Amino acid sequence: MEKLRYALYTGCTARESTPELLKSTMAVAEKLGIELVLLDEASCCGASHLQDYDDFLSLVLNARNICYAEKLGLTMVTICNTCQLNTAMTKHRLDTNPELKAKVNAKLSEVGLEYKGTSEVTHFLYAIIQDYGLENLSKKVNVPLSQFNIAPFYGCHNIRPSELQNLSNGGENPYNPTSLDDLIIACGGNNVDYDAKNKCCGFHAELQAPHTAAVLTGNALSGAMDANADWMVTPCPLCHLKLDVQHHNASKAIGREVKLPVLHMPQMVGLALGCTPAELGLQHHVTKVNFV
Amino acid sequence: MDEIKSQQVTFKLFRFNQETDYLPYYNTYVLDVTHEEVILDVLNRIKWDHDGTLSYRRSCRHGICGICSIKINGKAILACKARIFDLIDVFGTDMTIDPLSTKRAIKDLIIDKEDFWDKHAQITPFLVSDVEENPSLENLVSPHDAEKLLEADYCIQCGACHYSCPALEINDRFIGPAAFAAAFRFAADVRDDASVERLHVVNEEAQGVWDCVKCMECAEACPKDVNPIEKITKLHNMIFEAGIAKNNVATRHAVGFAHSIEKHGLLDEGELVRYSEGNIGVLKHMPEAFEMWKNGKIVMPWNMPKSKNMDEVKKLMQSSSTVKF
Ligand code: SF4
Ligand code: SF4
Ligand code: SF4
Ligand code: SF4
Ligand code: FES
């Protein structure tokens, strides 16, 4: 197989409150022989909140980020659902609206950049599944996760709106997504099914609507627990922050003690590939990872 | 002529009669369905061939009246539009048929939609305009101005988005995606004189747009591609543009991103929470913050990472900003 190369858009979270995500992403890429070129020039995607304040500004900034992947001639991979949504949304809007693209490029030209639309944007999860291939991954698994029941938590922004995700994230159906389940199986684990796996964790309203956000987190954790999960796995660091750090607020909101270790997608893959807990930054979790 | 394909499907059908039943129950039917059939055909067959007491709503049979919306395995659909073979592609051959909201069921698939209409009433769902009673000319809207509605006027008020919204399910004061889309539809109409009043309604805490969790369920659920969350984002923008954004945790949370990006390119997570909540409000986050700090999840201000080529980011922030707070 030809060596896979991507431009990695880390987003902010992987460089701040979830350092273990960046660490494990790099560790897994190395094990699989995937080259990830860090886009250090990139700025924050706005997380769909800057978009509420100043939509045009958010388009310009996200287009600038994509420009740097285009310069390298590489597909951009993201490791955060919300980065994926906002970057892919920007790309989609510019690629389908020449007038808007020209307006954005007029601004970008002030700093010597031009958005062309030549780089694809996809989440690392889908790059692994579609480009690397699950069969190839299975062959590299040397510590199968067969003793674990693992609950996939997809996170909204990787699967909805499907109109957008069909272009970037492999087009799985948001009402019955399978990518994370397939990945769990490829790592030798047992995927568990529960209603909240494709629902929202509430992260984006945590400050404005803390009760709503906490109930949603509680539903996710309790659903996974009731399905007998030993731990959860998610491709999104924002879901991770909610599920890993906020379980006490979630417990209060739903009137039941809920708590489960939650792994980032690459941490799970890394475990199956034989990475050490330290290589995957497992010590950074608030809900302690007690099974390795 | 194409060959008619058929397949066996197991339908679990929600049954409940508010007047006689204490709890709902499900009836199971195993039916051969053809590739031409939609869910409404199946409901008709069950009613006509198996159980005449089954109740559901349908009228136009053309995806226009919006009355036949129900849920299949949790996915909101129009019964008259959803092809069973498309649903088999997604779910396989086991399908549970539920009303849009089991909590609001009156009889079988028929629900009480009063809450849906109440939310609409809240946002003044009609054009407020001083139109001359005996005009000498037509009151024309140019195609360019009509496009500003972003097809929000395609809504058929089926309720699919409304009863798929998790924020609404938890917080019943929340106005919800359908009524927000309607608020946008009129607020964006060049003939309307009540835009600002409407924006005030959707700007209120608990009921307004700020409580949306951005799950995109409404965009996914809508059978008419109204894309309510897109309209909700527009309402946020209009609130800032109209200068009526209040200085509160929700607005500061949006504006705080711009401050961070201007300084670091990246988001300063800790500072965002402090700025949004204020110096006192931020204290309630201390227990989490302490746990995070203990585990190496808090970056100290002096270690805050910065994007490379910050001069570009700064310049673009200057030249491309379109609103002020
Ligand atoms: S989603 Fe969050 S972490 Fe990702 S870039 Fe946007 S703001 Fe930063
Ligand atoms: S699940 Fe939570 S963090 Fe993940 S995308 Fe949805 S709201 Fe955002
Ligand atoms: S995006 Fe907002 S309005 Fe739409 S369903 Fe989710 S919470 Fe409700
Ligand atoms: S916005 Fe779409 S889903 Fe919501 S009520 Fe209107 S037509 Fe139905
Ligand atoms: S019967 Fe009118 S929309 Fe389905």
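Residues numbered from 1 in each chain as written. Chains lettered and ligands numbered in written order. Predicted model: local features only at pLDDT ≥ 70, side-chain atom pairs only at ≥ 80, totals over all residues. Heavy atoms only, no water.

Below, the discussion takes up the overall build of chain A. Within chain A, the secondary structure is distributed over 13 helices and eight strands. Taken over the C-alpha trace, chain A has a radius of gyration of 19 Å; the compact-globule value for 292 residues is 19 Å, and the two agree within 12%. Here the C-alpha coordinates of chain A stretch approximately 55 × 45 × 30 Å along the principal axes. Looking at chain A as a whole, 66% of its 292 residues are labelled buried. (Helix = DSSP H or I, 4+ residues; strand = E, 2+ residues; numbered from the N terminus. Rg over C-alpha atoms; globule rule 2.2 N^0.38 Å. Buried < 20%, exposed > 50% of the residue type's maximum accessible area, 1.4 Å probe, protein only.)

Close contacts around ligand 4 come from Cys 155, Ile 156, Gln 157, Cys 158, Gly 159, Ala 160, Cys 161, Ala 178, Cys 222, Pro 223, Val 226 and Pro 228 of chain B, and that covers them all. Looking at the shell around ligand 4 residue by residue, the classes come out as 10 nonpolar, two polar and no charged. (Near = heavy atom within 4 Å. Nonpolar A, V, L, I, M, F, W, Y, C, P; charged D, E, K, R; others polar.)

Across the contact, 64 residues belong to chain B and 69 residues belong to chain A. At the boundary of chain B with chain A, total buried surface from both sides reaches about 5,700 Å², with 61% on carbon and sulfur atoms. At the surface where chain B touches chain A, the tally comes to four salt bridges. We note a salt bridge from Lys 214 of chain B to Asp 52 of chain A, for which the minimum N-O separation is 2.7 Å. Across the contact surface, chain B and chain A share 32 residue pairs in polar contact (both at pLDDT 80 or more). (Contact = heavy atoms within 4.5 Å. Buried area = accessible area lost by both parts, 1.4 Å probe. Salt bridge = Lys/Arg side-chain N within 4 Å of Asp/Glu carboxyl O. Polar contact = N/O pair within 3.5 Å; in protein donor to acceptor, adjacent residues only side chain to side chain.)

Right, let's get into the packing of helix 3 (residues 114-122) of chain B against helix 6 (residues 177-187) of chain B. Residue and element names in this part refer to chain B. Running from N to C, helix 3 and helix 6 point in directions that differ by 25°, and their axes come no closer than 9 Å. In terms of orientation, helix 3 lies roughly parallel with respect to helix 6. Judged by the sense of rotation from one axis to the other, the crossing of helix 3 with helix 6 is right-handed. The segment helix 3 lies against helix 6, with Phe 116, Lys 119 and His 120 engaging Ala 178, Ala 179 and Ala 182. Here the residues of the contact of helix 3 with helix 6 sort into four nonpolar, one polar and one charged. (Axes fitted to C-alpha atoms, helices over the stretch in contact; angles between N-to-C directions. Parallel < 35°, antiparallel > 145°, perpendicular 65-115°, else oblique. Left-handed = near helix turned anticlockwise from the far one by under 90°.)

Now for the domain arrangement of chain A. All names here are of chain A. Examined at the domain level, chain A breaks down into domain 1 (5-122) and domain 2 (142-284). Relative placement of domain 1 and domain 2: their C-alpha centres are 23 Å apart. Taken together, the contact pairs 27 residues of domain 1 with 33 residues of domain 2. Interface area, domain 1 with domain 2, both sides summed: about 2,400 Å², of which 65% is carbon and sulfur. Applying the counting criterion to the domain 1 and domain 2 interface returns zero salt bridges. Here domain 1 and domain 2 share 12 residue pairs in polar contact (both at pLDDT 80 or more) between them. (Domains from an automatic or database assignment.)

What follows is about the sheet that holds strand 1 (residues 5-9) of chain A. Residues and elements named next belong to chain A. An order of 2-1-3-4 is seen for the four strands of this open sheet, with the pairing classed as parallel. In this open sheet, the two edge strands, each paired with only one partner strand, are strand 2 (35-38) and strand 4 (121-123). Strand-to-strand, the axes of this sheet are offset by a mean angle of 40°, without reference to chain direction. Across three bridges, strand 3 (residues 76-78) lies against strand 4 in parallel orientation. The residue bridging Thr 78 from the neighbouring strand is His 123, located in strand 4. (Pairing = 2+ DSSP bridges.)

So, about the pairing of strand 3 (residues 69-72) of chain B. Residue and element names in this part refer to chain B. On strand 3, burial covers both faces: Ser 69 and Lys 71 on one face and Ile 70 and Ile 72 on the other are all buried. Bridge count between strand 3 and strand 4 (residues 75-78): four bridges; the pairing is antiparallel. Paired with Ile 72 across the bridge in strand 4 is Lys 75. The loop that links strand 3 with its antiparallel partner strand 4 comprises two residues; one of these, Asn 73, has a positive phi angle of about 45°. As paired elements, strand 3 and strand 5 (residues 94-98) share two bridges and run antiparallel to each other. Within strand 5, the position partnered with Ile 72 by the bridge is Ile 97.

With that settled, consider the site of ligand 1. Every residue near ligand 1 is listed here: Tyr 9, Gly 11, Cys 12, Thr 13, Cys 44, Cys 45, Ala 47, Cys 80, Thr 82 and Cys 83 of chain A together with Phe 257 of chain B. The class makeup of the residues in the shell around ligand 1 is eight nonpolar, three polar and no charged.

Applying the stated criterion across every chain yields a total of 10 aromatic pairs over all chains. Aromatic side chains Phe 148 of chain A and Trp 231 of chain A sit 5.6 Å apart centroid to centroid with 65° between the ring planes, which places their arrangement in the edge-to-face category. Placement of the pair is Phe 148 of chain A in the loop between helix 6 (124-140) and strand 5 (149-152) and Trp 231 of chain A in strand 7 (residues 231-234), with a sequence separation of 83 residues. Take Phe 148 of chain A: its relative accessible area is 9%, and that puts it in the buried class. Judged by centre distance (4.9 Å) and plane angle (85°), the ring pair of Phe 116 of chain B and Trp 117 of chain B falls under edge-to-face. (Phe/Tyr/Trp six-rings, centres within 6.5 Å; stacked < 30°, edge-to-face > 60°.)

A word on the nonpolar core. As a rule of thumb, nonpolar side chains are buried together in soluble globular proteins. Of all hydrophobic cores here, the largest spans 146 residues; its most connected members are Met 232 of chain A together with Phe 11, Ile 39, Leu 43 and Val 202 of chain B. Here the element with the most residues in this core is helix 3 (residues 55-72) of chain A; it accounts for 10 residues. Formed by 46 residues, the second largest nonpolar core is a distinct cluster that contains Leu 22, Ile 184, Cys 187 and Leu 280 of chain A. (Core = buried A, V, L, I, M, F, W, Y, C linked by side-chain atoms within 4.5 Å.)

All told, the structure shown has 28 salt bridges over all chains when counted by the stated rule. As a salt-bridge pair, Glu 20 of chain A and Lys 297 of chain B come within 2.8 Å of each other at their nearest N and O atoms. On the criterion of chain membership, the pair formed by Glu 20 of chain A in helix 1 (residues 19-32) and Lys 297 of chain B in the loop between helix 12 (286-294) and helix 13 (310-320) is interchain, its members lying in two chains. A relative accessible area of 1% places Lys 297 of chain B in the buried class. Between Arg 104 of chain B and Asp 112 of chain B there is a salt bridge; the shortest N-O distance is 3.5 Å. Judged by relative accessible area, which is 24%, Arg 104 of chain B ranks as partly exposed. By relative accessible area, which is 29% here, Asp 112 of chain B ends up partly exposed.

Take unusual backbone geometry next. Going from Arg 160 of chain A to Pro 161 of chain A, the amide bond is cis rather than trans, its omega being -10°. Its place among the elements puts Pro 161 of chain A in the loop between helix 7 (156-159) and helix 8 (162-168). Backbone geometry at Gln 157 of chain B places phi at a positive 55°, although glycine is not the residue there. Examined against the element boundaries, Gln 157 of chain B turns out to sit in the loop between helix 4 (143-147) and helix 5 (166-170). At Asp 225 of chain B, a position not held by glycine, the phi torsion is positive, near 50°. By the element assignment, Asp 225 of chain B lies in the loop between helix 8 (217-221) and helix 9 (228-241). Accessibility expressed as a relative area gives 61% for Asp 225 of chain B, which makes it exposed.

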